[in-house]
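Analysis of the macromolecular model
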Amino acid sequence: MTTTDISSDAAAPFLEMRGITKIFPGVRALDGVTFDLRRGELHALVGENGAGKSTLMKILGGVYPYPEYGGEFFIESTVRRFESVRDAEAAGVAVIFQELSLVQEMTIGENIFLGREPRRRFGIIRWDELYSRARQLLADLRLPLDPRTPVKNLGIGQQQLVEIAKALSQEARLLVLDEPTAALTDAEVETLFGILNDLRRTRGVGMIYISHKLDEVFRLSDRITVLRDGRTVGTEQTSALSEATVIARMVGREVGDIFPVPDHAQGEVMFEARGFTVEDPNVAGKRLVDNVGFAVRRGEVLGIAGLMGAGRSELLMAIFGAHAGRADGDVLIEGQRVRIESPADAIKHGLGFVTEDRKRYGLVLDQTILNNMTLAGLARISGRFITNLDAEAAAGNRSMKELRVKANSVFAVTGTLSGGNQQKVVLAKWLLTNPRVLFLDEPTRGIDVGAKQEIYAQINKLAKSGLAIVLVSSELPEVLGLSDRVLVLYEGRVTGEFTRHNATPEKVMACATGHTQHAV
Amino acid sequence: MSHQTNEPVIDRPPVNADVAPVPAGVELTRQTRIGSFKIPTDALRAYTMLFALVAIWVYFNFATDGIFLDPRNFSNLMRQTAVTGVLAVGMLMVIVTGNIDLSIGSLVGFIGGVAAIAQGTANGWGLVPTLAAAIIVGIAVAEAQGALVAYANIPAFIVTLGGLLAWRGVVLGMTKGETIPISLPGFKAIGQQFVTRPVGLGLALLAVGAIVWMNVRRHRARERYGLGKMSVLNLALGIVLPALVVVLFVLRMNAYEGIPIPVIILIVVALGGAFLMQNTTFGRYLYAIGGNPDAARLSGINVRTHIWAVFCIMGALAGVASIIYTARVGSASPDAGNLLELDAIAACVIGGTSLMGGRGTVFGACLGALFMASLDNGMSLLNVQPYSQYIIKGAILVTAVGLDMLGRKQG
């Protein structure tokens, strides 16, 4: 078992990862990453969205089993090749993912021992032992909770702590925490930090801490490793680093010339959102967006930057009348206040919304390109009730040529297309509603470079033709390369606004990690 | 995914279709290869269904020494199909949105009871008010159930399971457990009479004209959009085959006493349903709602209203089916319509409808209804014991869904 005297072998790494490489079809997600962790250490792993942090942790946690990756990793100098999450757990590695994996209908005790219940013969569960052990674990963490409480009655913060108790019950010696504070209140964050420090000191548990919040990272960590585009940029003692250096390493990438230089002649204000506040539909009172407003001119591209969970998509969804929870705010189109209570209202007032996650929100994959393209604008294209297939096919064919969708005909099934072509179909769907304002949420996620460039060219063309465009993207170069103006969100609030000229990756990333800066 | 079994191979489009131009002649629609022929998978499904239907017809006809397809029995078979067929058209629409209606069997019984009592000696309503009452009751009930599904977010399975029990109870109470005879001659005629032979021939002529006109129109549309000309052979086949089916059908019907009125009603309902599903925004939205409700909602479609409306249509068609059923039997009995919902669901599923929503055609559902009716009719002629009939029908249903799942996985 773990020794409590951690000073003697603190220098020898508990975990060592060498040359880890992971390739998804068409994408090199990790490229020779090295990483190590000492006993009792809290090692922060930072990087932009898509830098490869979660992928690395999924390899360590057995989610991507051996041999689906390249390279090797060692725990206590022994090569480990996990073929399942179980293997990883048996070796003392516990990963607590962003999406909690507790069964809501079960009690705390049942969750902690799920699949490992203390049993008698014939698989009969020893409930008394289960609950007394669970009580002991909760007491160790100084959590005033009854193990018979159903998990669904707990707040997100408490659920997170139950996950940690579960990890401890497996005698985890390595804890991976992926954005653990994303859903927590300030008080809950303090409790969590107390417990984490405690575990490191008294039990020598090593921790890998993934977070976008640099203040937390600097407060907690011993060392910081920066990942960028699937590679290790560097590992250093936290005390030797400044936030500015870390930010520079996170973004240190050249903005290539794949972005056409925009010269949008801007007109009058086309669209304005005022005082938008959006609540989490699952957690009453938690604000995902807090009093955010912005205006976009005719012919302008407004970029909204921010890290995952900053509230960007929720803001657009709420404006579009599609947010599930409470949302307040005013929408003005050409200076006129309009009421938008449903996507149908939004479309009627000239809004179009290329949503993120095309497979989930954008397309009916079973249906033809034509049916998808005309879904939002069908009544406009082909008559209110009886559809005119001729007019529809004509519109579809025109869009297909304009956007250069590569398929044999408009009657091809959308699910058979590549990601880039699917994305063009979604774009075509919204252009066929004849919008005046177009929201684009992660319009190039998961598509190849060639298709990306085509989408960029379209965005510029649409802006030139007088549309007001709002662009949300997690790829900083994309936001900076396409936008006339950039708004930065952090935790649901605007922390910065930049014109094209004075927006640098460093400044935007600083705002996106919580440093307020107004530099218009 | 690898092909571990010897299922038909599906052509996959090139993964990098972004970069590589699509070579001419490569279809990106789903296709299944049989020998050297490539057939769109959807069409194959329909043909498989037709083939299975023809196969059991040939078998039953052979096993019954020609009784199965003789004019009298064939006319009966068609009439039997009518009730299930009308219900299957409504059920198809409900299932396409990803919902289900289990209450319609009981609802058919309930509506029949209402109609029988309305025209009975105590009330003495005329034909038109009686029929109107039947359809209005159907819409009213389904409207309430649909509202619970669409606006109160109660799963359709639960709401209509409750309906299945509750409306059966209402029928029992209303009829006091007794059978109420239909005395209006006009009412009975709906279930038992035929259109005269010349009228039947006239309708056949009209249908052939419509088939020609539609094919020519489609041919022109294809040319206009550069989708490639249909070959003359294809065009001729597209006209000749359906026209032949229509003419043979009417001649067979006329060999007995003409086309039964229930069959005419089914044809009207099926054509109306097919038009609604294929040629209106309403139908298109139903497929989108079933295929991806999130995408439908974000595209500005009012999902709740559409689901509610589809239940209302189902209710109206339950009214129509109940009129045919009650008129054919000549009375309303407490157990009328029992298990009809399952026949309708089975018809849809056998006709290629996916219970997960988003896929299915009116044509397929009607073929499915004909298939189910043929099984019933044929097995009765062969004096198959009722217990075996249930087992055989159950096995066929499960097989059909199993094939559907296989098709899904490959897609």
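Residues numbered from 1 in each chain as written. Chains lettered and ligands numbered in written order. Predicted model: local features only at pLDDT ≥ 70, side-chain atom pairs only at ≥ 80, totals over all residues.

When helices and strands are counted, chain B shows 15 helices and four strands. For chain B, the proportion of its 411 residues judged to be buried stands at 41%. Within chain B, contacts between residues at least 6 apart in sequence are counted, and of these 78% link residues at least 24 apart. (Helix = DSSP H or I, 4+ residues; strand = E, 2+ residues; numbered from the N terminus. Buried ≥ 20, exposed ≤ 12 C-beta atoms within 10 Å, placed from the backbone. Contact = placed C-beta atoms within 7 Å.)

Within chain A, the regular secondary structure consists of 18 helices and 21 strands. For 520 residues, the compact-globule formula gives about 24 Å, and the C-alpha radius of gyration of chain A, at 25 Å, lands near that figure. In terms of principal-axis extent, the alpha carbons of chain A reach across some 75 × 55 × 45 Å. A fraction of 68% describes how many contacts in chain A between residues 6 or more apart in sequence connect residues 24 or more apart. (Rg over C-alpha atoms; globule rule 2.2 N^0.38 Å.)

Time to look at the sheet that holds strand E7 (residues 174-178) of chain A. Pairing between sheet strands relies on hydrogen bonds along the backbone, with the strands arranged either parallel or antiparallel. All names here are of chain A. A sheet is described by the order of its strands in space; here six strands give the open sequence E6-E7-E8-E3-E9-E10, paired in mixed fashion. Edge positions in the sheet fall to strand E6 (93-96) and strand E10 (231-237), since each has one partner strand and no second. On average, each strand axis in the sheet is inclined to that of its neighbour by 15°, with strand direction left out of account. Bridging between strand E3 (residues 42-46) and strand E9 (residues 223-228) involves four bridges; their strand directions are parallel. Bridging from a neighbouring strand, leucine 45 pairs with threonine 225 of E9. Helix H8 (residues 243-251) rests against E3, E9 and E10 of the sheet, and its axis sits at about 25° to E9. (Pairing = 2+ DSSP bridges. Axes fitted to C-alpha atoms, helices over the stretch in contact; angles between N-to-C directions.)

What follows is about the pairing of strand E11 (residues 269-279) of chain A. Residues and elements named next belong to chain A. The pairing of E11 with strand E12 (residues 287-297) spans seven bridges and is classified as antiparallel. Bridge assignment links valine 269 to a residue of E12, and that residue is arginine 297. As paired elements, E11 and strand E14 (residues 327-333) share six bridges and run antiparallel to each other. Its bridge partner lying in E14, arginine 274 is registered against aspartate 330.

The subject of this paragraph is the confidence of the model for chain A. All names here are of chain A. The predicted model of chain A has a mean per-residue pLDDT of 86, with 93% of residues at 70 or higher. When pLDDT is averaged over each helix and strand of chain A, the minimum, 51, is found for strand E21 (residues 517-519) and the maximum, 96, for strand E16 (residues 351-354). The model gives residues 1-10 a pLDDT under 50, and that stretch makes 13 contacts with residues more than four places away or in other chains. (pLDDT = per-residue confidence, 0-100.)

Residues and elements named next belong to chain A. The element helix H18 (residues 505-512) is extensively covered by neighbouring structure, given that six of its eight residues are classed as buried. Those residues of H18 that sit buried are Pro505, Val508, Met509, Ala510, Cys511 and Ala512. Looking at the residues trailing H18, positive phi occurs at glycine 514, about 110°.

All names here are of chain B. Residues of chain B with pLDDT of at least 70 account for 86%, and the chain-wide mean is 86. Per-residue pLDDT stays below 50 along residues 1-29; that stretch engages in 46 contacts with residues further than four places along the chain or on separate chains. Predicted complex, confidence summary: ipTM 0.80, pTM 0.77.

All names here are of chain A. Packing of helix H5 (residues 156-169) against helix H6 (residues 186-203) brings their axes to within 10 Å, and their N-to-C directions diverge by 15°. Here H5 is positioned roughly parallel relative to H6, judged by the angle of their axes. The element H5 and its partner H6 pack so that their crossing is right-handed. Where H5 abuts H6, its residues Gly157, Gln160, Leu161 and Ile164 lie against Glu188, Leu192 and Ile195. The class makeup of the residues in the contact of H5 with H6 is four nonpolar, two polar and one charged. (Parallel < 35°, antiparallel > 145°, perpendicular 65-115°, else oblique. Left-handed = near helix turned anticlockwise from the far one by under 90°. Nonpolar A, V, L, I, M, F, W, Y, C, P; charged D, E, K, R; others polar.)

Here we take up the packing of helix H3 (residues 104-119) of chain B against helix H13 (residues 340-350) of chain B. Residue and element names in this part refer to chain B. For the pair H3 and H13, interaxial distance at closest approach is 6 Å and the crossing angle is 130°. Our classification of the angle between H3 and H13 gives oblique. Side by side, H3 and H13 meet where Ile104, Gly105 and Val108 of the first sit next to Leu340, Glu341 and Ala344 of the second.

Okay, the domain arrangement of chain A next. Residue and element names in this part refer to chain A. For chain A, the assigned domains read domain 1 (1-92 + 173-180 + 204-253), domain 2 (269-350 + 435-519) and domain 3 (362-434). Each side of the interface is counted separately: domain 1 has 13 residues, and domain 2 has 12 residues. When residues of the side of domain 1 that touches domain 2 are traced back to their parent elements, those giving at least two are helix H7 (214-220) and H8. When grouped by side-chain class, the residues that make up the side of domain 1 that touches domain 2 number five nonpolar, four polar and four charged. (Domains from an automatic or database assignment.)

Okay, the pairing of E6(A) next. Residue and element names in this part refer to chain A. Because side chains alternate across E6, one face comprises the buried residues Val93 and Val95, and the other comprises Ala94 and Ile96, equally buried. Relative to E7, E6 runs parallel, the two sharing four bridges. Bridging from a neighbouring strand, isoleucine 96 pairs with leucine 177 of E7.

Here we come to the environment of A:Arg28. All names here are of chain A. Turning to its location among the elements, arginine 28 is positioned in strand E2 (residues 27-38). What makes arginine 28 partly exposed here is the crowd of 14 C-beta atoms within 10 Å. Taking the C-alpha atoms as reference points, arginine 28 and aspartate 229, separated by 201 residues in sequence, lie 8.6 Å from one another. Beyond its immediate sequence surroundings of up to four residues, arginine 28 is in contact with Ile23 and Gly230.

In this section: the nonpolar core. Ranked by size, the top nonpolar core spans 246 residues in total, and within it A:Ile469, A:Val508, B:Val86, B:Leu87, B:Ala88, B:Met314 and B:Ile324 carry the most contacts. In terms of residue count, the dominant contributor to this core is helix H2 (residues 71-96) of chain B (15 residues). If we skip the residues at most four places from it in the chain, B:Ala88 touches B:Ala344, B:Ala347, B:Cys348, B:Ala365, B:Cys366, B:Gly368 and B:Ala369. (Core = buried A, V, L, I, M, F, W, Y, C linked by C-beta atoms within 7 Å.)

With that out of the way, let us pick up the environment of A:Thr355. Tracing the backbone through its elements, the reader meets A:Thr355 in the loop between E16 and helix H11 (358-362). Overall, the presence of 25 C-beta atoms within 10 Å leaves A:Thr355 in the buried class. Between the C-alpha atom of A:Thr355 and that of A:Met317, which follows or precedes it by 38 residues, the distance is 8.5 Å. Those residues in contact with A:Thr355 that sit more than four places away from it in its chain are A:Tyr361, A:Gly362, A:Asp441 and B:Leu298.

With that out of the way, let us pick up unusual backbone geometry. Residue and element names in this part refer to chain A. Each neighbour pair has its own omega, and for tyrosine 66 with proline 67 the value is 0°, a cis peptide bond. Looking at the element boundaries, proline 67 is found in the loop between helix H1 (53-60) and strand E4 (70-75). Positive phi, close to 50°, is recorded for glutamate 76, a residue that is not glycine. Mapped onto the fold, glutamate 76 is located in the loop between E4 and strand E5 (78-80).

Residue and element names in this part refer to chain A. Along H8, the residues that are buried comprise Val246, Ile247, Met250 and Val251. Mapping the buried residues of H8 onto a view down its axis gives an arc of 120°, with all of them on the same face. On its buried face, H8 is in contact with E3, H7, E9, helix H17 (476-482) and H18. (Arc of directions from axis to C-beta.)

Residues and elements named next belong to chain A. An order of E12-E11-E14-E15 is seen for the four strands of this open sheet, with the pairing classed as antiparallel. The two strands at the open ends of the sheet, each matched to only one other strand, are E12 and strand E15 (336-338). On average, each strand axis in the sheet is inclined to that of its neighbour by 15°, with strand direction left out of account. Across the sheet, helix H9 (residues 312-319) touches E11, E12 and E14, and the angle it forms with E11 is around 110°.

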